[in-house]
Amino acid sequence: MGRRTSYRTSRPRRSRREVDVNIENGAQEPRNLLKYGGPWAVTLAGGIVVEGLHAIAVTNPVTSSLTSLALAATGYGLTQFMRTLDLRAKVDKQTRILHTVNCATVTAGATLGTVIGLESAATAGAWLLAGTGMSIANNLWSAFGTKGKEGKGEGKWARLESEINLAKHELKEAESNGRGTVIAKVEAKDGATADEFARKLPAMAAALKVGVGRITHHVNDDDVSDITMRVQVADLLKEGVKWPGPSAFGSGFGDTPLPLGRYEDGEDLLVNIPGILLDPKGLATGNVEHCVAQGTNGAGKTQGNSMLITEAATRSEVSIAILDCAKPDQDYGHVRHAADMWITTEGEVKRFFKQLAGPVIKNRAAYLASKGLARWEPGCGLNFLLIVCEEAADYADGESYAKVLRTIRAAGGWVLTSIQRATHDQMDTTARSNHPAGMAYGLADGAEAAYVLPPEAIEAGAFPGWGNRKPGYLYAAGLGIPQERWHVVARTYYAERDTLAAAVTAGMNVRTPMDEVTREAFGPLWTGRTYFTTPLLAGSSTAAAPAPAPAPAPRPSETAPEQGNAGDQAGLHEDLDDDEEEVEVSEEVIQKETEELLEMLEELLQQDPEPGAYEGLSVEEEITAPADDAPLFELPPPVDENEQFSQEECRAAILNRLHEWFTTGKASFEPKELSDLWLRVALKTPRNWWNRLRSELLESGVIEDSDEYGQYDLVRDPLAENNGE
């Protein structure tokens, strides 16, 4: 019996991909048959249908007319319907034109064929000739015209719609500005919101392979479904932009906006500080908006502030005050001669804000009111006050500081508060809320930009989380900047320190001196101020290094002001070195001094402090009451009767002394410094009288409670405006 052997023919196993390809090819064959055979079917079968309609319609003229009109209307409707489908499918322009031509040609041929008929050789030949041409054109377009367009609808946006659920946000149109920025219109459909779109921005950035903050959006205030998306695909600010020089040398401070830098899309960053401009770029705010410049150490805040100071110092009708208690010479030494007031100690800063919140704002407001003005305007006779507060965490919590922010705007003043973190422990929250504008430089945590930027900028995608890795980069909001630019990254101009110094020096010829109203209101703070006529630059004759000394000695001033009050200049720098030389003392000297001290203490303890009647008295024994006729001990009056003052005389003496202190620059005092006067008033309770006078001085604003316990700040001259009469 023979063995039966079976053989199995082995076949190569097909991969899953090959199976999918075969399935796709199988599905593609009917589509290709329709694509290439459809035009020929219309040409051949259409002729039969048209001839049949002609045979029916030709028997009755009315029927022929109605049939023709119906065919024309149907063709027009199909053309519009096809156009709508193409737009929804985001078909390219050339394909939309082809579909429109096809629909119009078929409509025209069917209508004419129904009216004329295809019985004659001429009409039948014309139909076949036109149909053949159209069929060949469609076949050629299908074969070659769609190369490179296959799957265009499945581009990045289509993939985004499926991957991160953007189906309800339709991309309407997108265009590039030629400078690395793509602007796209997005429509929210079917109840979708802009907030939903904003939450998907990080996922979109990852899908489009761009950095954090490179995709931002802006919502139309009149239509929340209208969203403008902005994608920055290239950083044009890496190399920086050199400062082009003063933008409006010699012009008025309120005439043109101040350029600070450039946006990443090539537009200029302009700020409108006085808020009164009617500029075609849309920089009219109608109000002064104080600004907080927040950024980590090394983020470029000081460079940006120096740029603003330099621009202002090359214009008229503006006075600048620079407040820096940390390192003023290092920060602003190169532009120090731009400052009408140079404040470098915490005591002077507090006194500056007290004077500003009191008589300065009051007198400036009264002057503007006398001119019939509700706010500062160019040519009004007052200089606009530009106040730069550097490292403001040292003093941004005072009551006078907060009051200035509330009241100085209409009086013509702007405060720029520069701080590393505008948190509640560094800056009073009420004062922070009185800064409507903000500049967010690089931060360690980009979310902290919410402290200085409005919610609209944060929701649109502003996120300065680059720390100090990009010096000068910032987001700016307020100050007349259009809202759609609040979430666009900008970078301040860069310039060498000597370039800015030279511009400020040239500007000294066009700047307007401080107006008389403000000078008189500042009083001794102005007359005793420190000011400069030259910059402080490395290697210049005005910057001399201290000479070496073998022992601790007063340090010579690194910057000798050319002009200014000598007393204030002495306080500009520390008088002694912070590091003192250690002196060795022998143990024998210490022991000898200790023994002498112990001997002195023993002698004091051996002495009886109250000898006599109370000697040997203990707490258990009762004290004998004095006799009825024993003389009573009375304290003598503070002064003799012939040296006492009447109430009017004492009041005049106190006000005169306060007047002398104010004119000589004394900023604060303690009540005991006036006790030699008010104790001489001819009353049984002179202290009560003094308390009433002190309350009167507080209410009239002559003095204010000081931050130091038990002291009062002298704010204004008590004899001014007949206060002492």
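Coordinates for the structure precede this section.
Residues numbered from 1 in each chain as written. Predicted model: local features only at pLDDT ≥ 70, side-chain atom pairs only at ≥ 80, totals over all residues. Heavy atoms only, no water.

### A few points about the pairing of strand β10 (residues 384–390)
Within β10, 7 of the 7 residues are buried, leaving the element largely enclosed by the surrounding structure. Along β10, one buried face is formed by Phe384, Leu386, Val388 and Glu390 and the opposite face, lined by Leu385, Ile387 and Cys389, is buried too. Alignment of β10 against strand β11 (residues 413–419), held across 5 bridges, turns out to be parallel. Looking at the pairing, cysteine 389 lines up with threonine 417 of β11. (Buried < 20%, exposed > 50% of the residue type's maximum accessible area, 1.4 Å probe, protein only. Helix = DSSP H or I, 4+ residues; strand = E, 2+ residues; numbered from the N terminus. Pairing = 2+ DSSP bridges.)

### Regarding the packing of helix α19 (residues 647–663) against helix α21 (residues 686–699)
At a closest axis distance of 12 Å, the pairing of α19 and α21 adopts a crossing angle of 50°. Classified by the interaxial angle, the pair formed by α19 and α21 is oblique. The two elements α19 and α21 meet at a crossing, and its hand is right-handed. Mapping the contact onto sequence places Gln647, Cys650, Arg651, Ile654, Leu655 and Leu658 in α19 and Trp689, Trp690, Leu693, Glu696 and Leu697 in α21. Partitioning the contact of α19 with α21 into residue classes produces 8 nonpolar, 1 polar and 2 charged. (Axes fitted to C-alpha atoms, helices over the stretch in contact; angles between N-to-C directions. Parallel < 35°, antiparallel > 145°, perpendicular 65-115°, else oblique. Left-handed = near helix turned anticlockwise from the far one by under 90°. Contact = heavy atoms within 4.5 Å. Nonpolar A, V, L, I, M, F, W, Y, C, P; charged D, E, K, R; others polar.)

### Regarding the sheet that holds strand β6 (residues 268–271)
One open sheet holds the 10 strands; their spatial order is β6-β5-β14-β13-β12-β7-β11-β10-β8-β9, and the pairing between them is mixed. The sheet terminates laterally at β6 and β9 (341–343), the two strands that pair on one side only. Strand after strand, the sheet turns through a mean of 25° between neighbouring axes, direction not considered. One ladder, built from 4 bridges, connects strand β12 (residues 437–441) with strand β13 (residues 473–477); its direction is antiparallel. Pairing of tyrosine 441 across the sheet is with leucine 474, part of β13. Against the sheet, helix α8 (residues 301–313) contacts β5 (258–263), β6, β7 (291–294), β8 (318–324), β10, β11, β12 and β14 (490–492), and its axis sits at roughly 140° relative to β5. Packed onto the sheet, helix α10 (residues 346–370) meets β8, β9 and β10 and runs at close to 160° relative to β10.

### Details of the sheet that holds strand β19 (residues 712–714)
One open sheet accounts for 3 strands, arranged β17-β19-β18; its pairing is antiparallel. If you trace the sheet from one side to the other, it starts and ends with β17 (668–669) and β18 (703–705), each paired once. In the sheet, β18 pairs with β19 via 3 bridges, with the strands oriented antiparallel. The residue of β19 that forms the bridge with isoleucine 703 is leucine 714.

### Focus: empty space enclosed by the protein
According to the stated counting rule, one finds 1 cavity of 30 Å³ or more in the structure shown. Of the pockets and cavities examined, the largest cavity occupies roughly 60 Å³. Looking at the largest cavity, the residues that line it are Ser319, Ile320, Ala321, Asp340, Met341, Phe352, Leu356, Leu385, Leu386, Ile387, Met514 and Phe522. Mapped by element, the contributors of at least two residues to the lining of the largest cavity are β8, α10 and β10. (1 Å grid on protein atoms, 1.4 Å probe; cavity = no way out; pocket = protein on both sides within 12 Å on 5 of 7 lines; lining within 4 Å. Points joined across faces, edges and corners; volume = space filled by probe spheres on them.)

### What about the pairing of β11?
By the criterion of burial, β11 is predominantly enclosed, with 7 of the 7 residues buried. Residues of β11 alternate between two faces, with Gly413, Val415, Thr417 and Ile419 on one and Trp414, Leu416 and Ser418 on the opposite face, all of them buried. The pairing of β7 with β11 spans 4 bridges and is parallel. The residue bridging glutamine 294 from the neighbouring strand is isoleucine 419, located in β11.

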